[in-house]
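Observations on the model geometry
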Amino acid sequence: MSSSTVPAPATAASRTHPTGDPGRSDVVIVGAGIIGLAHAFEALSSGLSVTVVERDRQPVGASVRNFGHCCISAQDGELLAVAQRSRPGWLRAAKAAGIWAEEAGTLVVARSATEAAVLEELRAERGGDEVELRTAAQTAALLGRADGADGDLVGGALLPADLRVNPREAAPGLARWVAGQPGGRVLWGTAVTGVESGTVHTTRGPVHGDRILVCVGHDLDYLFPDVAEDHEVQRCRLTMARAEAPAGFRTDSAVLTATSMLRYEAFAGRPSAARLREEVLGHSADLLEIGANVMLTRLPDGTVLLGDSHHYDATTPPFVEERTHELLTAEIARVLGVERLRILERWQGVYASSPRGPLLVRDLAPGVRAVTVTSGVGMTLSFGLAAATFDGTLAATA
Ligand SMILES: Cc1cc2nc3c(=O)[nH]c(=O)nc-3n(C[C@H](O)[C@H](O)[C@H](O)COP(=O)(O)OP(=O)(O)OC[C@H]3O[C@@H](n4cnc5c(N)ncnc54)[C@H](O)[C@@H]3O)c2cc1C
């Protein structure tokens, strides 16, 4: 199967329950995105029975629309610790579920002395094992630029701890694994309409469980509007595309650029970051205007995912501006050293965001908890959050 299509879940192994209670589980999880499925994996791995309830017939949310970039080293503080804890979870889950997870790291491209200074400062902070500096020629080779053309490159850095997964197969593959476990089931096409202690009410009848985890991402406001409003949950929409890769581009490392450095804490907290913002504002104000994080990742079929922009709304408008797409595509072509890219697909991704902080962990009733990542790093944090949920170290926010 081409990795460019979202595979349908294995319906033979999945179950739906037409009416009534199909049996009580230790844990009921609402939402078959990566946050719900990482929790399902963790619970099943520790011997608990799990029911995942998902309104769609396959995962189609943020978890399949992203870069598949477990962006560990670019986090800082508390999130770095969760991201580092996520890494072994991803590798265990990938092995169990037979999904692609590559220890390919991230290549951060530097095209000015200021960009290189930020990378050097990060290396001074984290050490050479976590941040490996690269010369311009090495960076050009990693990007597969024709003739090793390193004209505009100053250098780069490899962050080897980062992981790559295929976002189009990770959540569907994990869901298949969950459904195939003796204590696991996934109820597709079953929308949750309400939750109370011990019971999840669905469009197909009640589902009972001792512990309920609500992992519905940005749609938390449909089920718990007051909680979502209290945390100021917004929808962040992102413009994405998949393109044919230029002939020489073969790295499985994610590729980040200057605008990425302005968005991820590990870089944005370095002394030269303020100067970098001024510099980018000087030559690429249009990219800052669309909230760009110009980056790309390669899928196992050789095509590349590219993006992205950031726009924030309460409700997502359906319209995608062509200018946003053109700005991103042109910049990525420059990074790869090619004239233009052949675009194969475009889509809009949406994730939960909040000015109040990157995580919403809220106890809603005895035995009922909502877990939503309110920043664009849910793939990175998923397994770390799940591990912390089940060992009791994930603290609820007030
Ligand atoms: C374009 C884009 C790029 C990104 N890049 C990265 C990246 O490189 N690295 C990274 O770490 N993160 C990235 N992210 C963020 C990451 O994808 C999200 O944080 C993460 O996928 C959120 O997972 P989730 O399970 O909470 O949400 P989702 O994947 O949206 O899953 C929520 C699920 O809940 C279901 N649901 C909702 N309401 C109900 C209901 N009432 N009943 C039943 N089911 C319901 C939905 O149908 C959905 O399947 C990106 C996001 C986007 C959109």
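Here, the structure is the one placed above.
Okay, so let's go over this structure.

**Topic: the overall build of the protein chain**
Looking only at helices and strands, one finds 13 helices and 20 strands in the protein chain. In terms of overall size, the protein chain behaves like a compact globule, its C-alpha atoms giving a radius of gyration of 21 Å where 398 residues would be expected to give roughly 21 Å. Buried residues in the protein chain amount to 58% of all 398 residues. Of the contacts formed within the protein chain by residues at least 6 apart in sequence, a portion of 76% connects residues at least 24 apart. With the model as given, the accessible surface of the protein chain reaches about 15400 Å², and the carbon-plus-sulfur share is 50%. Averaged over its 37 positive side-chain charges, the protein chain has a centre that lies 5 Å from the centre of its 47 negative ones.

**Section: the packing of aromatic side chains**
All chains considered together, the criterion is met by three aromatic pairs. Between the aromatic rings of phenylalanine 41 and phenylalanine 383, the centroid separation amounts to 6.0 Å while the plane-to-plane angle is 80°, which identifies the pairing as edge-to-face. Of the two residues, phenylalanine 41 is situated in helix H1 (residues 34-45) and phenylalanine 383 in helix H13 (residues 378-390); the sequence distance between them amounts to 342 residues. The pair phenylalanine 41 / phenylalanine 383 is uniform in exposure class, with both members buried. For the cation-ring pair, arginine 168 lies above tryptophan 347, with the distance from its terminal atom to the ring centre recorded as 4.9 Å.

**Describing helix H12 (residues 322-336)**
Because an α-helix completes one turn every 3.6 residues, residues spaced three or four positions apart along the sequence face the same direction. Over its 15 residues, H12 runs 21 Å from end to end, which matches the ideal 21 Å to within 8%, given 1.5 Å per residue. Looking only at H12, the buried set comprises Thr324, His325, Leu327, Leu328, Thr329, Glu331, Ile332, Ala333, Val335 and Leu336. One or two steps after H12, the chain reaches glycine 337, where phi turns positive at roughly 75°.

**As for the packing of helix H3 (residues 77-97) against helix H6 (residues 167-180)**
Relative orientation of the contacting elements H3 and H6 amounts to 65°, with a least axis distance of 9 Å. Taken as axis vectors, H3 and H6 run roughly perpendicular relative to one another. Crossing of H3 against H6: the hand is left-handed. Taking contact as the criterion, the partners of Trp90, Ala93, Ala96 and Ala97 in H3 are, on H6, Ala170, Gly173, Leu174 and Trp177. Looking at the contact of H3 with H6 residue by residue, the classes come out as seven nonpolar, one polar and no charged.

**Points about the nonpolar core**
Proteins that are soluble and globular tend to have nonpolar side chains buried together. Residues Trp90, Leu174, Phe267, Leu381 and Leu385 are the most contacted members of the largest nonpolar core, which totals 75 residues. Taken domain by domain, the makeup of this core includes at least three residues from each of domain 1 (12-71 + 168-231 + 356-391) and domain 2 (106-160 + 234-353). Within the second largest apolar cluster, 25 residues are counted, among which are Leu153, Leu287, Leu296 and Leu341.

**Examining the packing of H3 against H13**
Viewed as axis vectors pointing N to C, H3 and H13 meet at an angle of 90°, and their least axial separation amounts to 6 Å. Classified by the angle their axes make, H3 and H13 are roughly perpendicular. On H13, the residues touching Leu79, Val82, Ala83, Arg85, Ser86, Gly89, Trp90 and Ala93 of H3 are Met379, Thr380, Leu381, Ser382, Phe383, Gly384, Leu385, Ala387 and Ala388. When the residues that make up the contact of H3 with H13 are grouped by side-chain class, the tally is eleven nonpolar, five polar and one charged.

**Brief notes about the sheet that holds strand E3 (residues 69-70)**
In space, the three strands of this open sheet follow the order E3-E8-E4, with antiparallel pairing throughout. Each edge of the open sheet is held by one strand with a lone partner, namely E3 and strand E4 (101-102). With two bridges joining them, E4 and strand E8 (residues 163-165) adopt antiparallel strand pairing. Considered in E8, the bridge of glutamate 102 is made with arginine 164.

**Examining the site of the ligand**
As a matter of local geometry, the ligand sits amid 35 residues, with Glu54, Ser63, Asn66, His69 and Thr380 nearest to it. Between the ligand and the protein, one listed contact pairs an oxygen atom with a backbone N or O atom of isoleucine 35 at 3.1 Å. Separating an oxygen atom of the ligand from a side-chain N or O atom of serine 63 is a distance of 2.5 Å. For the ligand, the accessible surface in isolation is 1000 Å², of which the surrounding protein chains cover 96%. Mapped onto the shell around the ligand, the elements with two or more residues apiece are H1, helix H2 (62-65), strand E13 (234-243), strand E18 (343-353) and H13.

**Focus: the pattern of salt bridges**
Taken as a whole and assessed by the stated rule, the structure comprises 25 salt bridges. Between arginine 111 and glutamate 331 there is a salt bridge; the shortest N-O distance is 2.6 Å. One end of the pair, arginine 111, is in the loop between strand E5 (106-110) and helix H4 (113-126); the other, glutamate 331, is in helix H12, and 220 residues separate them in sequence. The partner of arginine 235 in a salt bridge is aspartate 219, and the shortest N-O contact between them spans 2.9 Å. Of this pair, arginine 235 sits in strand E13 while aspartate 219 is found in the loop between strand E12 (205-214) and helix H7 (220-223), placing the two residues 16 residues apart along the sequence. Given the relative accessible area of 5%, arginine 235 is considered buried.

Rules of the game
Residues numbered from 1 in each chain as written. Predicted model: local features only at pLDDT ≥ 70, side-chain atom pairs only at ≥ 80, totals over all residues. Heavy atoms only, no water. Helix = DSSP H or I, 4+ residues; strand = E, 2+ residues; numbered from the N terminus. Rg over C-alpha atoms; globule rule 2.2 N^0.38 Å. Buried < 20%, exposed > 50% of the residue type's maximum accessible area, 1.4 Å probe, protein only. Contact = heavy atoms within 4.5 Å. Areas by Shrake-Rupley, 256 points an atom, 1.4 Å probe, with all protein chains shown as cover. Lys, Arg positive; Asp, Glu negative; His and termini not counted. Charge placed at Lys NZ, Arg CZ, Asp CG, Glu CD. Phe/Tyr/Trp six-rings, centres within 6.5 Å; stacked < 30°, edge-to-face > 60°. Lys NZ or Arg CZ within 6 Å of the ring centre and 35° of its normal. Expected span 1.5 Å × (residues − 1). Axes fitted to C-alpha atoms, helices over the stretch in contact; angles between N-to-C directions. Parallel < 35°, antiparallel > 145°, perpendicular 65-115°, else oblique. Left-handed = near helix turned anticlockwise from the far one by under 90°. Nonpolar A, V, L, I, M, F, W, Y, C, P; charged D, E, K, R; others polar. Core = buried A, V, L, I, M, F, W, Y, C linked by side-chain atoms within 4.5 Å. Domains from an automatic or database assignment. Pairing = 2+ DSSP bridges. Near = heavy atom within 4 Å. Polar contact = N/O pair within 3.5 Å; in protein donor to acceptor, adjacent residues only side chain to side chain. Salt bridge = Lys/Arg side-chain N within 4 Å of Asp/Glu carboxyl O.

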